[in-house]
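Results of the structural survey
Listed below are the residues making up each chain.
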Amino acid sequence: MNFLIMGLPGAGKGTQAAKIVEKFGVAHISTGDMFRAAIANKTEMGVLAKRYMDKGELVPDEVTNGIVKERLAQEDIAERGFLLDGYPRTIEQAYALDETLSALGLKLNGVINIEVNPESLIERLSGRIIHKKTGETFHKIFNPPVGDYNEDDYYQREDDKPETVKRRLDVNIAQGKPILDHYRKVGIVSDIQGNQEIDAVFTDIEKAIVAIK
């Protein structure tokens, strides 16, 4: 079984991906892991990617797509299936993935889409605060400082501020919608409500995967 997992930052995608891999035994393929392995193994695409990265440049789509193809062509994929995490990020990459799977004789069985209200994610992602003196990290809601809380004693990183988080989510929503629309047309998207306890989310994911099988 071959799956793609999608979700906005903070939706719990990483947590659920680990649970899927443990339960169903598929190979977890994340963008970061693929790049590190390709570079370490000095594959053709890994060497190309390193050239761009060493110059501080973005790795172009054709190289990223090539690294994905190299990984999906490995023996364990045919044996275990895969869970793609963090790719495709754009509709162009989704089209490239379709071509790659077709060339390798593979099929994407389903897309697990974890849905969480963006407003909830802003609250979740922008709640991190750091103590100015100790550097300790807390969360205003989920892990607040013990005792009296004086805001003047804490600071917030620029990328944790609500307006920054919202911009990041807006970009992800804009990029993700065409991809989801693309896969909805072939009827393989399972929308999972992410505003639940972690185990409840996974129960719904498990039901969706079993239904596909």
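The structure we're discussing is the one just above.
Please read all numbers here as calculations on a predicted model, not as lab measurements. (Residues numbered from 1 in each chain as written. Predicted model: local features only at pLDDT ≥ 70, side-chain atom pairs only at ≥ 80, totals over all residues. Heavy atoms only, no water.)

1. With respect to the overall build of the chain
For the chain, the helix and strand inventory stands at 9 helices and 8 strands. Summarising its shape, the C-alpha atoms of the chain cover approximately 60 × 45 × 30 Å along the three principal directions. Here the chain, with 213 residues, has 43% of them falling under the buried criterion. Contacts in the chain between residues far apart in sequence, at least 24 positions, make up 71% of those at least 6 positions apart. By element, 50% of the accessible surface of the chain is carried by carbon and sulfur atoms, the whole surface being about 12,000 Å². Between the mean site of the 28 positive side-chain charges and the mean site of the 34 negative ones, the chain shows a separation of 2 Å. (Helix = DSSP H or I, 4+ residues; strand = E, 2+ residues; numbered from the N terminus. Buried < 20%, exposed > 50% of the residue type's maximum accessible area, 1.4 Å probe, protein only. Contact = heavy atoms within 4.5 Å. Areas by Shrake-Rupley, 256 points an atom, 1.4 Å probe, with all protein chains shown as cover. Lys, Arg positive; Asp, Glu negative; His and termini not counted. Charge placed at Lys NZ, Arg CZ, Asp CG, Glu CD.)

2. Side note on the pattern of salt bridges
Under the counting rule described, the total for this entry stands at 14 salt bridges. Here lysine 161 ties to glutamate 158 by a salt bridge, and the two come within 3.2 Å at their closest N and O atoms. Taking relative accessible area as the criterion, lysine 161 reaches 26% and is therefore assigned partly exposed. Linking arginine 184 and aspartate 191 is a salt bridge whose minimum nitrogen-to-oxygen distance equals 2.8 Å. Overall, the relative accessible area of 35% leaves arginine 184 in the partly exposed class. You can call aspartate 191 partly exposed: its relative accessible area is 37%. Taken together, the salt bridges that share partners define one network made up of Arg128, Arg157, Asp159 and Asp160. (Salt bridge = Lys/Arg side-chain N within 4 Å of Asp/Glu carboxyl O.)

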